[in-house]
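Chains, contacts and geometry: an overview
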Amino acid sequence: AQTVTQSQPEMSVQEAETVTLSCTYDTSESDYYLFWYKQPPSRQMILVIRQEAYKQQNATENRFSVNFQKAAKSFSLKISDSQLGDAAMYFCAWGDSGGGADGLTFGKGTHLIIQP
Amino acid sequence: DTGVSQNPRHKITKRGQNVTFRCDPISEHNRLYWYRQTLGQGPEFLTYFQNEAQLEKSRLLSDRFSAERPKGSFSTLEIQRTEQGDSAMYLCASSTPLAGGEVNEQFFGPGTRLTVL
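Presented here is an overview of the structure given in this document. Small disclaimer: the values here were computed from a predicted structure and weren't measured. Counting from 1, residues in each chain are numbered in the order their sequence is written. For this description, chains carry letters from A and ligands carry numbers from 1, given in the order in which they are written. Owing to the predicted nature of the model, reporting of local features is limited to residues with pLDDT of at least 70; listing and counting of side-chain atom pairs is limited to 80 or more, with chain, interface and lining totals taken over all residues. Side-chain descriptors were evaluated using all non-hydrogen atoms of the structure, hydrogens and water having been removed beforehand.

Before going further, it helps to examine the packing of aromatic side chains. Each Phe, Tyr or Trp ring (for Trp, its six-membered ring) is paired with any other whose centre lies within 6.5 Å, and the angle between the two planes then decides the class: stacked below 30 degrees, edge-to-face above 60, tilted in between. Inspection of every chain in the model, using the stated rule, returns 16 aromatic pairs over all chains. Judged by centre distance (6.1 Å) and plane angle (40°), the ring pair of A:Phe35 and A:Tyr37 falls under tilted. The exposure class of A:Phe35 is buried, given its relative accessible area of 1%. On the numbers, 5.3 Å between centres and 80° between planes, the contact of A:Tyr37 with B:Phe108 is edge-to-face. Residue A:Tyr37 is located in strand β5 (residues 32-39), and its partner B:Phe108 is located in strand β10 (residues 107-108); the two belong to separate chains. Residue A:Tyr37 is classed as buried on the basis of its relative accessible area of 0%. Chaining the aromatic ring pairs together yields one cluster made of A:Phe35, A:Tyr37, A:Phe91, A:Phe106, B:Tyr33, B:Tyr35, B:Phe45, B:Tyr48 and B:Phe108. Relative accessibility thresholds used throughout: buried, under 20% of the residue-type maximum; exposed, over 50%; partly exposed, between the two (1.4 Å probe, protein chains only). Secondary structure follows DSSP: runs of H or I at least 4 residues long count as helices, runs of E at least 2 residues long count as strands, and numbering of each begins at the N terminus.

As structure tokens, this is what we get:
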């Protein structure tokens, strides 16, 4: 079974600064997907960024980028130029490559606070 | 299309009652998932449908839980004889493979928050 660990229950960053959220996972699979989802207060989860395990290049989406270390089973999220709208719960998730039948395995989340 | 919708958004019930939730996925999505999220935790997978077929069920889905997806469109999740431990947010998500069969993201609905008194 897969596990996803987010060791930072809460992180705080000043507006316009950079913050990195940590995620480690454990799997015996060699081909899989990793995701970061954002869950704002009382709003639905939205995808921030995804990474295919077979790709060595780290994914980037505007101010969001990941540091994917497959051997270390690490998948951190870097948010640059933090904005007030980035405040939310952030969940790291693992997904299999076999069509998604097992659903995603999520970590417990990191609560990100943006200080104005 | 406005995304995945779920109804009701909130449900308060007494222990022992039955409840049913509905999920309407994005119309062209053939994959549908149910998750449960308790306070301070990430979502936990419950069950998966591909079209109308329920292909996977988590051990979390006890005999009191049943899910259906008639005609491969909307889905319902029923909990019979609710217990206080069933209090949680129930999330629905839908997805469809990318070209070439690559796994796509799951699009989540706003959830149904269940409170069992």
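We now examine the environment of B:Leu60. For B:Leu60, the position within the fold is in the loop between β6 (53-57) and β7 (65-68). The contact criterion used is simple: two residues touch if any of their non-hydrogen atoms lie within 4.5 Å. Contacts of B:Leu60, omitting those with residues within four sequence positions, involve B:Arg36, B:Glu44, B:Phe45 and B:Leu46.

What follows concerns the pattern of salt bridges. Side-chain pairs of opposite charge can arise where the charged atoms are in close proximity. A pairing counts as a salt bridge when a side-chain nitrogen of Lys or Arg comes within 4 Å of a carboxyl oxygen of Asp or Glu. Using the criterion set out here, one finds 7 salt bridges over all chains in the structure. A salt bridge links B:Arg64 to B:Glu83; the shortest N-O distance between them is 3.4 Å. Residue B:Arg64 is located in the loop between β6 and β7, and its partner B:Glu83 is located in the loop between β8 (75-79) and β9 (88-95); the two are separated by 19 residues in the primary sequence. What makes B:Glu83 partly exposed here is its relative accessible area of 39%. Via salt bridges that share partners, A:Arg50, A:Glu52 and A:Lys55 belong to a single interconnected network.

Contact residues are listed per partner, giving 22 residues for chain B and 23 residues for chain A. Throughout, buried area stands for the accessible area (probe radius 1.4 Å) lost by two parts on being put together, summed over both. Between chain B and chain A, a total of about 1800 Å² is buried, with carbon and sulfur atoms accounting for 49% of that surface. One can count 0 salt bridges joining chain B with chain A. Counting of polar contacts relies on pairs of N or O atoms within 3.5 Å, with two restrictions inside protein: one atom must be capable of donating a hydrogen and the other of accepting it, and residues adjacent in sequence are counted only when both atoms are side-chain atoms. Seen at the junction of chain B and chain A, the total is 4 residue pairs in polar contact (both at pLDDT 80 or more). Listing elements by their share of the side of chain B that touches chain A, those giving two or more residues are β4 (31-37) and β5 (44-50) of chain B. Residue contributions to the side of chain B that touches chain A peak at 4 residues, all from β4(B). All residues other than Ala, Val, Leu, Ile, Met, Phe, Trp, Tyr, Cys, Pro, Asp, Glu, Lys and Arg, Gly among them, are scored as polar; the first ten of these are nonpolar and the last four charged. Here the side of chain B that touches chain A is composed, by residue class, of 10 nonpolar, 7 polar and 5 charged.

We now examine the state of the cysteines. Residue and element names in this part refer to chain B. Disulfides are defined as pairs of cysteine sulfur atoms found within 2.5 Å of each other. A full pass over the atoms with the stated rule returns 2 disulfides over all chains. Across the disulfide, Cys 23 is cross-linked to Cys 92 (sulfur-sulfur distance 1.9 Å). Here the disulfide of Cys 23 and Cys 92 is left-handed, its torsion about the S-S bond being about -65°. In this pair, Cys 23 is assigned in strand β3 (residues 19-24) and Cys 92 in strand β9, connecting sequence segments 69 residues apart. A single burial state applies to Cys 23 and to Cys 92, both of which are buried.

Keep in mind that these numbers describe shape and distance, not what the molecule does.
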